[in-house]
Amino acid sequence: MDAQPRGEGMSKEELEWFLMGPTDGGVPGLVRRVRRILDVSQRGLAAIVGVSQSVVARWETGRTSPRVSALQELLRLARLRVRVEDPATEEEVLPLRGDGARDRGGRRYPAHVDLTVAGWWVPRGSGSTADWLLWRRRSRARRDPAIRFHTTLRHLHRLLDGTPVDHPSLTQCVAEAVHLDERREERRRRILAESPWLRPPAGWLTA
């Protein structure tokens, strides 16, 4: 029986890929690895992920690359997981958390800044002390912390305290604001114990 002619039964894209010869690993090799694990043809993989066979062929030849979402789906189908690690320490580097604190407009804070909690939120321009204390009490009841970040001094802060791994969640920010309250109250009690003459008169508005 004569051998089947080379390339017979292949589509134009498959034949083009075959004639290109070996390609570097990278994303093309990863797509091919997924196909090998799933034991499917280009057409089969295309049908699974909802693209055309020519798209898979372009992925495998490196002419185009799958979107991150498509690549994640390919890895999920093959039961694989990509590990991102720091080459210096070989420690895994995880994505930034999805529940990181947001500003009052619901927007995420810039990824490159470090967040700090400065107590409870008070609007700018609060004139009197009584007004400031009123807003502070309202924010504390609503669990609405004051979150700040600095861009000019963050390098100095990182030299002193290190670089935070992630932005804190809102729950963590609230816990930090409560902790600041506790430290403030402890400091106030210590001062009054040492200097009782500083104690305000009965009925004085306190935070």
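Located above this text is the structure these notes cover.
Residues numbered from 1 in each chain as written. Predicted model: local features only at pLDDT ≥ 70, side-chain atom pairs only at ≥ 80, totals over all residues. Heavy atoms only, no water.

(A) Spotlight on the overall build of the protein chain. The number of helices and strands found in the protein chain is eight helices and two strands. Secondary structure elements of the protein chain occur, N-terminal to C-terminal, as α-α-α-α-α-β-α-β-α-α. The proportion of buried residues among the 207 residues of the protein chain is 26%. Here the protein chain has roughly 15200 Å² of accessible surface; of this, 53% comes from carbon and sulfur atoms. (Helix = DSSP H or I, 4+ residues; strand = E, 2+ residues; numbered from the N terminus. Buried < 20%, exposed > 50% of the residue type's maximum accessible area, 1.4 Å probe, protein only. Areas by Shrake-Rupley, 256 points an atom, 1.4 Å probe, with all protein chains shown as cover.)

(B) Broad picture of unusual backbone geometry. Although it is not a glycine, D39 sits at a positive phi angle of roughly 60°. One can find D39 in the loop between α2 (26-38) and α3 (42-49). A relative accessible area of 69% means that D39 is categorised as exposed. One non-glycine residue, E90, lies in positive phi territory at about 60°.

(C) Structural context of helix α6 (residues 129-142). Over its 14 residues, α6 runs 20 Å from end to end, which matches the ideal 20 Å to within 8%, given 1.5 Å per residue. Listed as buried for α6 are L133, R136 and S139. Projected down its long axis, α6 shows its buried positions confined to an angular sector of 125°, all on one face. Exposed residues on α6 whose side chains face more than 90 degrees from its buried face are A141 and R142. Residues of α6 that are buried make contact with β1 (115-120) and α8 (170-194). Residue R143 follows α6 closely and has a positive phi angle near 55°. (Expected span 1.5 Å × (residues − 1). Arc of directions from axis to C-beta. Contact = heavy atoms within 4.5 Å.)

(D) Structural view of the nonpolar core. V31, V34, L45, A46, V55, V56, W59, L71, L74, L75 and A78 together form the largest nonpolar core, which totals 11 residues. Sorting the residues of this core by element identifies α2, α3, α4 (53-61) and α5 (68-77) as the ones contributing at least two each. By size, the runner-up hydrophobic cluster in this structure holds 10 residues, among which are L115, V117, W120 and C173. (Core = buried A, V, L, I, M, F, W, Y, C linked by side-chain atoms within 4.5 Å.)

(E) Structural detail: the packing of α2 against α5. The N-to-C vectors of α2 and α5 enclose an angle of 30°; their axes lie 9 Å apart at closest approach. Our classification of the angle between α2 and α5 gives roughly parallel. Crossing of α2 against α5: the hand is left-handed. Each of L30, V31, V34 and L38 in α2 lies in contact with α5, whose residues at this interface are L71, L74, L75 and L77. Residues of the contact of α2 with α5, tallied by class, amount to eight nonpolar, no polar and no charged. (Axes fitted to C-alpha atoms, helices over the stretch in contact; angles between N-to-C directions. Parallel < 35°, antiparallel > 145°, perpendicular 65-115°, else oblique. Left-handed = near helix turned anticlockwise from the far one by under 90°. Nonpolar A, V, L, I, M, F, W, Y, C, P; charged D, E, K, R; others polar.)

(F) Examining a positive patch on the surface more closely. On the surface, a cluster of positive charge is made up of R183, R184, R187 and R190. Relative to the elements of secondary structure, R187 occurs in helix α8. (Patch = residues over 30% accessible without salt bridge, like charges linked within 9 Å, V, L, I, M, F, W, Y side chains within 5 Å. Salt bridge = Lys/Arg side-chain N within 4 Å of Asp/Glu carboxyl O. Lys, Arg positive; Asp, Glu negative; His and termini not counted. Charge placed at Lys NZ, Arg CZ, Asp CG, Glu CD.)

(G) View of the environment of E90. Turning to its location among the elements, E90 is positioned in the loop between α5 and β1. Aside from chain neighbours lying at most four places away, what touches E90 is R83 and E85.

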